[in-house]
Each structure stands twice: as structure tokens, then as C-alpha cells.
Amino acid sequence: MGKSQSSKYKRVRRVANVKDRHSARRGRIQNNQRKLPPKIAAMFDELLSRSLRVAKENQELQRATAEANAKFRQEQAKLMGSLARQLGLSGVVRDLAALRKRQVALVRDAMEKTQTAIVRERRVSGNLRKSNR
Amino acid sequence: MAAATVWWASTNWFEFGTTGISYDFSTGALSGRVTGDGMDQSGSFLLTASFFLPAANFPQGGCTFRSTPGANLSGNAFVSTLYGSLFLVFETDAPRAQCQLRATQEIFAGSSLIASGTNLQTIASVSGDFQSNTGTLPVQPFPTLDFDLDRTQDLGIQLQLSFENSIVHSYQTWWGFPALCRILLPQWDIVSIA
């Protein structure tokens with residue numbers, strides 16, 4: 001970013017993390033030197049509320065679907081337990097579940113470690129680039 | 001060739017659902033991470049920026065203009081899965097995870113929409129057990145638009161950038177860092193093409 005643009009951002013008023021009914025978190029920053037003409041500003045506000053309404057509705061739809069899926073999986077797990085008991089396979093299923101849990105823990109741990117290392121490496125190289133400027 | 005710079009007026013950002021995202025406007029850094037296990041998750045991050053040009057500042061010549069906003073995105077998004085839903089030892093639903101980027105430009109003469117365009121891109125996507133994928137953000141996500149300048153009205157341009165993240169039946173991680181994921185929306189020129 002050029003020097004003139006950096007100084008411009010210093011002139012702005014910041015209103016961040018304001019909770020409202022549309023979203024969990026939001027932020028706003030505006031240029032007080034160049035405010036939108038009122039007519040355009042009103043229209044942009046209307047557009048923004050429409051976008052937020054649509055995003056909120058989509059999110060609600062996805063949340064409801066996720067909840068229904070979770071309920072279905074609970075029922076499926078109950079059925080699986082009952083079936084395993086009837087077949088006398090409770091021990092085998094328990095062992096398989098424990099094995100799967102162990103596999104997940106190992107993979108998850110490896111993923112976390114790799115990502116943390118990548119982020120750390122990029123943070124270091126980012127700082128190096130900054131100090132070389 | 002007539003040209004004029006549109007002025008930045010304001011920027012808003014919002015997040016919905018499970019995002020784990022934080023956005024630093026001064027650096028343009030978007031960062032965050034979401035993890036889940038055995039459940040569906042979704043979340044989106046929406047960034048809108050308003051620009052304008054008063055009629056008094058329109059360039060002297062030119063009739064049709066071209067607008068090419070430069071978001072200058074950099075960095076990447078990462079998605080991964082563990083395993084899907086199981087029935088006994090059989091997998092009934094394979095896990096899927098994806099991060100999409102939707103970029104919209106809308107141009108107004110006064111309060112009338114005169115041009116609009118959206119680019120939807122899948123940044124990273126995986127399907128199946130124990131998969132991971134990293135996708136690089138497009139440098140210029142917004143569509144280029146051509147429009148006829150109405151010299152009687154002020155010009156307004158709104159940009160919307162939306163990161164849409166979803167995960168079904170598994171586990172996902174999504175992150176960014178200043179060196180990884182930067183979003184800055186600098187001012188740009190509208191340039192006459194006719």
C-alpha cells in the first residue's frame with residue numbers, strides 16, 4: 001500500500017465488533033473525508049441489509065439441515081448398538097470404534113502440527129520480509 | 001483516454017455461522033481456523049466496500065467506461081476431512097469440505113443499477129476420507145464491467161467479497177495469516193473505452 005493511502009486510513013473512524021440481529025460479529029470503517037452522497041448512501045445501506053438478510057437466511061437453513069443430520073446420526077448409532085448386541089458383536093464393534101478413534105486422533109494431531117508449523121514458518125518469513133524493507 | 005479514480009467511502013465486514021475468522025482492516029489480514037468432528041458446519045465472511053465518484057469529478061471525455069477493481073488478494077485457504085458417517089464398519093456418507101469465494105461488483109448511476117457481475121470460484125475442495133487441499137486465492141476476484149456514464153448522476157460502486165465455508169460429515173480447518181491471506185481494496189480508475 002502506498003504512503004498516501006496509509007495516511008488516509010488514519011483519518012477514519014472505527015466502529016468494530018458491534019453486535020446486531022444480523023450477525024454474530026461485524027465491523028465498519030469509513031472515510032470521513034469523503035462521505036457518500038446521501039442518495040447513494042441510503043441505497044447502499046438498503047443493499048447491505050438485503051445481503052445480510054439473505055446471508056442470515058442461508059445460514060439458518062444450513063444450521064437446520066445440520067441439526068437434522070445430527071439427529072439422524074444419533075438414531076443410526078442407537079440402531080447400530082442394538083443390532084450389534086443382537087448379533088453378539090458388541091465387543092468387536094467396540095474394538096473397531098476404539099481403533100477408529102485412535103486413527104482419527106493420530107491424523108488430527110498430524111494435521112494440527114503441520115498447519116501450526118506452516119503458519120509459524122510464514123509468520124517468521126513475513127516478519128523477515130518486513131524487517132528487510 | 002479519459003480516466004478517473006473512484007473514491008473509497010466505507011467498508012463493512014460480517015461473519016455468519018461458524019467461522020473462527022478475524023479481520024484486521026489496517027493490514028487487510030484475514031485469519032482464522034475452524035475445526036469440527038462428526039458434525040456439519042458452515043460459515044461465511046462477507047466484506048463490502050463502497051466507492052463513489054461525484055458527477056462534478058467525472059472526466060471530460062468518454063461515454064462508455066470500464067471498471068476493473070483490484071482486490072490484490074494473496075494467500076490461501078485450507079480444507080481437510082477425517083472420515084464420514086459410519087454404520088457398523090460401513091461409511092454411509094463420505095465427508096466433504098470446501099471454501100468458495102464469491103466476488104460481486106455493482107455499478108450505480110444515482111440509485112439505478114446500471115451494471116452488475118459476480119465471479120464464483122472454488123478455492124479449495126475435498127471429498128472422501130482423510131483428504132486435504134490448499135487453494136490459492138485469486139489476485140483479482142472481481143469481474144470487469146463496462147458501463148455508460150450518466151453525467152447527470154453521481155456514480156456509486158459497491159464491491160462484495162464473500163468467503164463461504166462448508167463441511168459435512170467431518171472435520172475442517174481453514175486459516176489465514178497476514179502472509180497467507182490479505183484483503184485490501186484499493187481505489188482504482190474507471191477508464192473510457194468509447
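Just so it is clear, the model here is predicted, and its values are computed rather than measured.

Here we look at the overall build of chain A
Point 1. For chain A, the count of helices and strands is 3 helices and 2 strands.
Point 2. Order of helices (α) and strands (β) in chain A, N terminus to C terminus: α-β-β-α-α.
Point 3. By residue count, 26% of the 133 residues in chain A fall in the buried class.
Point 4. Total accessible area on chain A is roughly 9,800 Å²; 55% of this is exposed by carbon and sulfur atoms.

Thoughts on the confidence of the model for chain A
All names here are of chain A.
Point 1. For chain A, the mean per-residue pLDDT works out to 73, and 71% of the residues sit at or above 70.
Point 2. No element of chain A has a lower mean pLDDT than strand 1 (residues 13-16), at 37, and none a higher one than helix 2 (residues 38-86), at 86.
Point 3. In this model, residues 1-23 is a region of pLDDT below 50 whose contacts with residues beyond four sequence positions or in other chains number 43 contacts.

What to know about the environment of Phe65 of chain B
All names here are of chain B.
Point 1. Its place among the elements puts Phe65 in strand 6 (residues 64-67).
Point 2. Accessibility expressed as a relative area gives 0% for Phe65, which makes it buried.
Point 3. Each C-alpha atom, one on Phe65 and one on Gly135, is 33 Å from the other, the two residues being 70 residues apart in sequence.
Point 4. Not counting residues up to four positions away in its chain, the partners in contact with Phe65 are Ala2, Pro59, Leu145, Asp146, Phe147, Leu149, Arg151, Ile190, Val191, Ser192 and Ile193.

What about the sheet that holds strand 6 of chain B?
Residues and elements named next belong to chain B.
Point 1. On the basis of which strands lie adjacent, the open sheet formed by 4 strands has the order 1-15-6-13 and antiparallel pairing. For this open sheet the edge positions go to strand 1 (3-5) and strand 13 (145-148), each flanked by a neighbour on one side alone. Averaged over all adjacent pairs, the angle separating strand axes in this sheet is 25 degrees, with direction ignored.
Point 2. Taken together, the 3 bridges between strand 6 and strand 15 (residues 189-192) define a ladder with antiparallel strand orientation. Bridge pairing in strand 15 links Arg66 to Val191.

With respect to helix 2 of chain A
An α-helical turn contains 3.6 residues, so a residue and the one three or four places further along point in the same direction.
Point 1. For helix 2 of chain A, which comprises 49 residues, the first-to-last C-alpha distance of 72 Å matches the rise-based estimate of 72 Å (1.5 Å per residue) to within 8%.
Point 2. Gly88 of chain A, located one to two residues past helix 2 of chain A, shows a positive phi value of around 70 degrees.

Description of the confidence of the model for chain B
Residues and elements named next belong to chain B.
Point 1. Residue-level pLDDT values for chain B average 85, and 91% of them are 70 or greater.
Point 2. Put simply, strand 8 (residues 85-87) is where chain B has its lowest mean pLDDT, 71, and strand 13 is where it has its highest, 97.
Point 3. Of the two predicted TM-score estimates for the complex, the pTM is 0.79 and the ipTM is 0.74.

Concerning the pairing of strand 15 of chain B
All names here are of chain B.
Point 1. The alternating pattern of strand 15 places Ile190 and Ser192 on a buried face and Asp189 and Val191 on a face that is not buried.
Point 2. For strand 1 and strand 15, the ladder comprises 3 bridges, and the chain directions are antiparallel. Paired with Ala3 across the bridge in strand 15 is Val191.

Points about the side chain of Gln59 of chain A
Point 1. Within the secondary structure layout, Gln59 of chain A lies in helix 2.
Point 2. Accessibility expressed as a relative area gives 13% for Gln59 of chain A, which makes it buried.

Focus on the packing of aromatic side chains
Point 1. One pass over the full model with this rule turns up 8 aromatic pairs over all chains.
Point 2. With a centroid separation of 5.0 Å and an interplanar angle of 75 degrees, the aromatic rings of Trp13 of chain B and Tyr23 of chain B are classed as edge-to-face. Linking Trp13 of chain B in strand 2 (residues 7-17) with Tyr23 of chain B in strand 3 (residues 21-24), this pair joins segments that are 10 residues apart in sequence.
Point 3. Taking the relative accessible area as the measure of exposure, Trp13 of chain B reaches 8% and is therefore buried.
Point 4. An aromatic cluster of at least three residues, connected via ring pairs, comprises Trp8, Trp13, Tyr23, Phe25 and Phe45 of chain B.
Point 5. The ring of Trp7 of chain B is capped by Arg34 of chain A, whose NZ or CZ atom sits 4.0 Å from the centre of that ring.

Concerning the environment of Ala77 of chain A
All names here are of chain A.
Point 1. Here Ala77 lies in helix 2.
Point 2. Taking relative accessible area as the criterion, Ala77 reaches 44% and is therefore assigned partly exposed.
Point 3. Between the C-alpha atoms of Ala77 and Gly88, which are 11 residues apart in sequence, the distance is 16 Å.

Structural notes on the pattern of salt bridges
Point 1. Under the defined criterion, the tally for this structure stands at 8 salt bridges over all chains.
Point 2. For Arg63 of chain A, the salt bridge goes to Glu60 of chain A, with nearest N and O atoms at 2.8 Å. Taken together, the positions of Arg63 of chain A and Glu60 of chain A, both in helix 2 and 3 residues apart, correspond to about one turn of that helix.
Point 3. Judged by its relative accessible area of 41%, Glu60 of chain A is partly exposed.
Point 4. Across the salt bridge formed by Asp129 of chain B and Arg100 of chain A, the nearest N and O atoms sit 3.9 Å from each other. One end of the pair, Asp129 of chain B, is in the loop between strand 11 (112-127) and strand 12 (132-136); the other, Arg100 of chain A, is in helix 3 (residues 90-132), on a second chain.

The rules behind these values
- Residues numbered from 1 in each chain as written.
- Chains lettered and ligands numbered in written order.
- Predicted model: local features only at pLDDT ≥ 70, side-chain atom pairs only at ≥ 80, totals over all residues.
- Heavy atoms only, no water.
- Helix = DSSP H or I, 4+ residues; strand = E, 2+ residues; numbered from the N terminus.
- Buried < 20%, exposed > 50% of the residue type's maximum accessible area, 1.4 Å probe, protein only.
- Areas by Shrake-Rupley, 256 points an atom, 1.4 Å probe, with all protein chains shown as cover.
- pLDDT = per-residue confidence, 0-100.
- Contact = heavy atoms within 4.5 Å.
- Pairing = 2+ DSSP bridges.
- Axes fitted to C-alpha atoms, helices over the stretch in contact; angles between N-to-C directions.
- Expected span 1.5 Å × (residues − 1).
- Phe/Tyr/Trp six-rings, centres within 6.5 Å; stacked < 30°, edge-to-face > 60°.
- Lys NZ or Arg CZ within 6 Å of the ring centre and 35° of its normal.
- Salt bridge = Lys/Arg side-chain N within 4 Å of Asp/Glu carboxyl O.

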